[in-house]
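So the chains spell out like this:
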Amino acid sequence: MQFDFDRHPDRRQVPGEKWGRYAGRDVLPLWVADMDFSAPPPVLEALRRRLDHGVFGYTDAPPSLAEAVVEGLRRDHDWHIQPEWLVWLPGVVTGFNLACRAVGEAGDSVFTATPVYPPFLTAPENSGRRLVSCALVERNGRWEWDRAAVEAAIEPRTRVFMLCNPHNPVGRAFDREELRWIADLAESRDLVVCSDEIHCGLVLDAARPHLPIAALDERIARRSITLMAPSKTWNIPALYCAFAVIPDAGLRRRYQREMRGIVPHVNVMGLVAAEAAYRHGGPWRAALLDYLRDNRERVLDAVATMPGLRTTRPEATYLAWIDCRDAGLDDPAAFFEAGGVGLSDGRAFGMPGFVRLNFGCSRATLDEALARMRRALTAR
Ligand SMILES: Cc1ncc(COP(=O)(O)O)c(C=O)c1O
């Protein structure tokens, strides 16, 4: 089946964060993590059918959706879960904030490594927990764990290890050995691993399939909260449907207790879209990954020609994490914005001197944005 990712609706015709930020200005938005592409045809058809019904009463996730997710995780990630492990959520950010609340008590700490998706850095404090962190390190073009630094940062009162895998923004899909090390650390330090795997459907390298940490063995499964959603893979983030997979019944109960009276049902259209995506979104996802692989090469080739900039090869996601520290720029995001390209500022991710570029857009937009970045750097 053919999908045309070169053409997409003009996003400026509807309200939206990504293009709305620069309304009326000639700035190409390659910042917030959604893609410019229409949702997959089977998702749109399912939404139209549901819309035509015309009644939108309170709706729980139906058993057929749980079935579609269980089957999808088995098919795509060889992860075998039970339907009763699923907890439906309106978003993954809600999900990891709940994880901070559900484990330990006020004054305990939560570990995460930087750079990382910014809401990781504020979630602990939202729940009266302290954040403890250290930095990932880049070695030979690959971002890795500084294992000694992680082991030193985790303190006796650390109760949660917040993992982002595949990783936003560095694009790593962590391998079995790295995940084994984290699982062993969780066991020896008695931590719950909250693993945000929202980007699991976006692994670009066939040689590095996504491996959920909870799939390693039963011991780590018992101390895990895995967060997933169809939102990134099938580009339906504003439909707000996500889920936690919590195999341990006690941990699941504590988690659900924190939700009471606060966390709303998932929007019915989100439920419908999610089921269609997990059941019928495979061909579109395969075509998308081909398109993103080509976009990744364009980014790598272009950045290699930009004076003072370096990047690493993302194994997953549509995000490139670009090191601007040798370019002599005080504020790289502001510099590129003035040059007509809107990128995410590394400071928000806990790593100044970097920018994040979203290549989930048409080739025409991407090529023009990369040309603008190069022009801005060479025209100084
Ligand atoms: C790692 C990660 N987690 C969570 C989210 C957002 O999840 P949600 O919109 O479901 O709250 C994003 C969006 O960029 C993300 O990159």
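Residues numbered from 1 in each chain as written. Predicted model: local features only at pLDDT ≥ 70, side-chain atom pairs only at ≥ 80, totals over all residues. Heavy atoms only, no water.

**Student:** A description of helix α4 (residues 92–102) should follow, citing residues and the corresponding values.
**Tutor:** Where burial is concerned, most of α4 is hidden: eight out of the eleven residues are buried. Turning to α4, its buried residues number three or more, namely V92, G95, F96, N97, L98, A99, C100 and A102. Positive backbone phi, approximately 75 degrees, marks G104, located one or two places after α4. (Buried < 20%, exposed > 50% of the residue type's maximum accessible area, 1.4 Å probe, protein only. Helix = DSSP H or I, 4+ residues; strand = E, 2+ residues; numbered from the N terminus.)

**Student:** Can you explain the UniProt feature "domain: Aminotransferase class I/classII large" (unreviewed entry) in the chain? Please cite residues and give values.
**Tutor:** Following the UniProt record, one finds the feature "domain: Aminotransferase class I/classII large" (unreviewed entry) at residues 26–372. Across residues 26–372, the secondary structure splits into 39% helix and 18% strand, with the terminal C-alpha atoms separated by 11 Å. (UniProt positions renumbered as here; feature names shortened; annotations may be inferred.)

**Student:** Break down the sheet that holds strand β11 (residues 310–311) for me, citing the residues and quoting the values.
**Tutor:** The pairing of strands in a sheet comes from backbone hydrogen bonds and takes either a parallel or an antiparallel form. Here four strands make up an open sheet; going across it, the order is β11-β12-β15-β14 and the pairing antiparallel. A single partner strand is all that each edge strand has here, and the edge strands are β11 and β14 (344–345). Pairing of β11 with strand β12 (residues 319–323), which is carried by two bridges, proceeds in the antiparallel orientation. Counterpart to R310 in the pairing with β12 is D323. (Pairing = 2+ DSSP bridges.)

**Student:** Run through the pairing of strand β15 (residues 354–358), naming residues and quoting values.
**Tutor:** Burial analysis of β15 places five of its five residues in the buried class, which makes it a mostly covered element. Side chains of β15 alternate between two faces, with F354, R356 and N358 and V355 and L357 buried alike. Sheet topology note: the β12/β15 ladder contains five bridges and is antiparallel. Along β15, the bridge assignment pairs D323 with F354. Two elements, β14 and β15, share two bridges in a ladder whose sense is antiparallel. Across the sheet, D345 pairs through a bridge with V355, a residue of β15.

**Student:** Hey, could you go over the sheet that holds strand β10 (residues 242–245) for me, with residue numbers and the actual values?
**Tutor:** Spatial ordering of the open sheet is given by β2-β10-β9-β8-β7-β3-β4, a layout of seven strands whose pairing is mixed. Whereas interior strands pair on both sides, the edge strands pair on one side only; in this sheet they are β2 (86–89) and β4 (130–135). In this sheet, neighbouring strand axes are inclined to one another by 20 degrees on average, regardless of whether the strands run parallel or antiparallel. Bridge analysis of strand β3 (residues 109–114) against β4 gives six bridges, and the strand direction is parallel. By the bridge assignment for β4, S109 is matched with R130. Against the sheet, helix α3 (residues 63–77) engages β2, β9 (224–228) and β10, with an angle of about 115 degrees to β2. (Axes fitted to C-alpha atoms, helices over the stretch in contact; angles between N-to-C directions. Contact = heavy atoms within 4.5 Å.)

**Student:** I'd love a proper account of the pairing of strand β8 (residues 192–196), names of residues and values included.
**Tutor:** In terms of burial, β8 is a largely internal element, five of the five residues being buried. Residues V192, C194 and D196 point to one face of β8 and V193 and S195 to the other, with burial holding for every one of them. Here strand β7 (residues 158–164) pairs with β8 via five bridges, running parallel. By the bridge assignment for β8, C164 is matched with D196. In terms of handedness, the path from β7 via helix α7 (residues 176–189) over to β8 forms a crossover that is right-handed. In terms of strand pairing, β8 meets β9 through four bridges, oriented parallel. (Right-handed = clockwise from strand over helix to strand, strands pointing away.)

**Student:** Any details on the side chain of N97? Residues and values, ideally.
**Tutor:** With respect to the element layout, N97 can be found in helix α4. Beyond its immediate sequence surroundings of up to four residues, N97 is in contact with A123, N126 and S127.

**Student:** I'd like to hear about the environment of N358, residue by residue, with values.
**Tutor:** Of note, N358 is situated in strand β15. Once the C-alpha coordinates of N358 and G342 are considered, the two residues, 16 residues apart in sequence, prove to be 9.6 Å apart. Excluding anything up to four places from it in sequence, N358 contacts K18, L30, W31, V32, A33, D34, Y318 and L319. At 2.7 Å, the side chain of N358 forms a polar contact with the backbone nitrogen of G360. (Polar contact = N/O pair within 3.5 Å; in protein donor to acceptor, adjacent residues only side chain to side chain.)

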